[in-house]
Amino acid sequence: MDWSFQLYSARNFQPWSGVLKTLSNLGYKQVEGFGGVYGDPKAFRAELDGNGLAMPTAHFSIEVLENDFDAARKTAETLGTKLLICPFLMPDQRPNDAAGWQTFGKRLAKVGDAAAKAGLGFAWHNHDFEFKPLADGSIPLKHILDSAAGVGWEIDVAWVVRGGADPLKWINDYASRIVAVHVKDIAPKGEALDEDGWADVGHGTVDWTGIYKALRQHTPAKHYIMEHDHPSDLERFAARSIAAGKNF
């Protein structure tokens, strides 16, 4: 398994040259990009190459994807990225009914069509808000996925759990759509408060051994990306997580 690492996890541990060297030394072969590393794609690609790292997947905002897809395409091309992922929808933009979420799914489908024409894959990445039941009892993520049949899903398992949902059920229901996985863990209640309650992978409450097995057996996912939204020690998180991953 060539483990990947979401660079957002390292945003507070600059410079990027040091981050990439650390990740490479720890055994990572891939990283996942986000907006904070796209300022000079050519220079960043050189840093990746120099550390033996690839960036097969990358996050791009819905604004860029809808309003300047060509810019996202060019950045991806320079970085060697083949799977574009939309990661978030700001609270003030989130629909409050089924029809609104279905419309959003159709917006993602249009981006997916543009990506396909460019020879790229496209996926949506969840947080917890997509699992909050609407007034009619339906779940936003179901509307998103069902309205964008050609769009993949990068499942963030820990956010599924924080959203009050069962990741194994969602993996079972949408197995064929899962093209990438955020491997993240949750600290026991009341712990790691300085890290927003997240934990190093394999050192929290998520049953990663069982979930990883289900993902490997039932989904086409090829990218498994370690992430921690607010680590206090980057090297500790990166080292303990990749070590735990080898035992899944």
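Residues numbered from 1 in each chain as written. Predicted model: local features only at pLDDT ≥ 70, side-chain atom pairs only at ≥ 80, totals over all residues. Heavy atoms only, no water.

A.B. asks: Quick question: what am I supposed to make of the sheet that holds strand 4 (residues 83-86) here?
C.D. replies: The strands that make up a sheet pair up through hydrogen bonds in the backbone, lying either parallel or antiparallel. If you trace the 8 strands from one edge of the open sheet to the other, you get 1-10-7-6-5-4-3-2, paired in parallel fashion. If you trace the sheet from one side to the other, it starts and ends with strand 1 (4-5) and strand 2 (30-33), each paired once. As paired elements, strand 4 and strand 5 (residues 121-125) share 4 bridges and run parallel to each other. When the sheet's bridge partners are listed, Leu84 is paired in strand 5 with Phe122. Contacting strand 6 (152-156), strand 7 (178-183) and strand 10 (223-226), helix 9 (residues 208-218) runs over the sheet at an angle of about 165° to strand 7. (Pairing = 2+ DSSP bridges. Helix = DSSP H or I, 4+ residues; strand = E, 2+ residues; numbered from the N terminus. Contact = heavy atoms within 4.5 Å. Axes fitted to C-alpha atoms, helices over the stretch in contact; angles between N-to-C directions.)

A.B. asks: I would appreciate a short explanation of the packing of aromatic side chains in the present structure.
C.D. replies: Remark: the centre distance and the inter-plane angle together describe each pair of aromatic rings, the angle taken between the planes. Within this structure, the stated rule accounts for 21 aromatic pairs. Residues Phe88 and Phe129 carry aromatic rings whose centres are separated by 5.9 Å and whose planes lie at 85° to one another, so their mutual orientation is edge-to-face. Separated by 41 residues along the polypeptide, Phe88 in the loop between strand 4 and helix 5 (98-117) and Phe129 in the loop between strand 5 and helix 6 (140-147) bring together distant segments of the chain. Here Phe88 falls in the partly exposed class, since its relative accessible area comes to 31%. Among the aromatic side chains, those forming a connected cluster through ring pairs are Trp3, Trp208, Tyr212, Tyr224 and Phe248. In this structure, Arg94 is placed above the aromatic ring of Phe129, and the distance from its NZ or CZ to the ring centre is 3.6 Å. (Phe/Tyr/Trp six-rings, centres within 6.5 Å; stacked < 30°, edge-to-face > 60°. Buried < 20%, exposed > 50% of the residue type's maximum accessible area, 1.4 Å probe, protein only. Lys NZ or Arg CZ within 6 Å of the ring centre and 35° of its normal.)

A.B. asks: What exactly am I supposed to notice about unusual backbone geometry here?
C.D. replies: Outside of glycine, negative phi angles account for most residues, and trans bonds account for most peptide bonds. Going from Gln14 to Pro15, the amide bond is cis rather than trans, its omega being 10°. Within the element layout of this structure, Pro15 appears in the loop between strand 1 and helix 1 (16-26). The phi angle at Ala192 is positive, at roughly 50°, despite the residue not being glycine. Along the chain, the position of Ala192 falls in the loop between strand 8 (185-186) and strand 9 (198-199). A positive phi angle, close to 60°, is found at Asp196, a residue other than glycine. Along the polypeptide, Asp196 turns up in the loop between strand 8 and strand 9. For Asp196, a relative accessible area of 43% corresponds to the partly exposed category.

A.B. asks: How should I be thinking about helix 1 in this particular structure?
C.D. replies: Residues three or four positions apart in an α-helix share a direction because the helix packs 3.6 residues into each turn. Of all the positions in helix 1, only Trp16, Val19, Leu20 and Leu23 are classed as buried. Seen along its axis, helix 1 keeps its buried residues to an arc of 95°; they face one direction. Across from the buried face of helix 1, at angles greater than 90 degrees, the exposed residues are Lys21 and Asn25. Residues of helix 1 that are buried in the fold lie against strand 1, strand 2, helix 2 (41-50) and helix 10 (234-245). Downstream of helix 1 by one or two residues, Gly27 has phi in the positive range, about 110°. (Arc of directions from axis to C-beta.)

A.B. asks: Where do I start with the pattern of salt bridges in this structure?
C.D. replies: Once the charged atoms of two side chains with opposite charge are near each other, the side chains can pair. Scanning all chains against the criterion turns up 13 salt bridges. The closest approach of N and O atoms between Arg73 and Asp70, which form a salt bridge, is 2.7 Å. Taken together, the residues Arg73 and Asp70, both in helix 4 (residues 69-79) and 3 residues apart, mark about one turn of the helix. Linking Glu227 and Lys184 is a salt bridge whose minimum nitrogen-to-oxygen distance equals 3.0 Å. On the criterion of sequence distance, the pair formed by Glu227 in the loop between strand 10 and helix 10 and Lys184 in the loop between strand 7 and strand 8 is long-range, its members being 43 residues apart. One network of salt bridges, in which partners are shared, links Asp70, Arg73, Lys74 and Glu77. (Salt bridge = Lys/Arg side-chain N within 4 Å of Asp/Glu carboxyl O.)

A.B. asks: Can you walk me through the environment of Trp153 in this structure?
C.D. replies: The topology assignment puts Trp153 in strand 6. Assessed through its relative accessible area of 0%, Trp153 is described here as buried. When the C-alpha atoms of Trp153 and Ser176 are compared, they prove to be 9.1 Å apart, with 23 residues separating the residues in sequence. Setting aside its immediate chain neighbours within four residues, Trp153 contacts Ala123, Trp124, Asn126, Leu141, Leu145, Val160, Trp170, Tyr174, Arg177, Ile178, Val179 and Ala180. In terms of polar contacts, Trp153 uses its side chain to reach the side chain of Asn126, at 3.0 Å. (Polar contact = N/O pair within 3.5 Å; in protein donor to acceptor, adjacent residues only side chain to side chain.)

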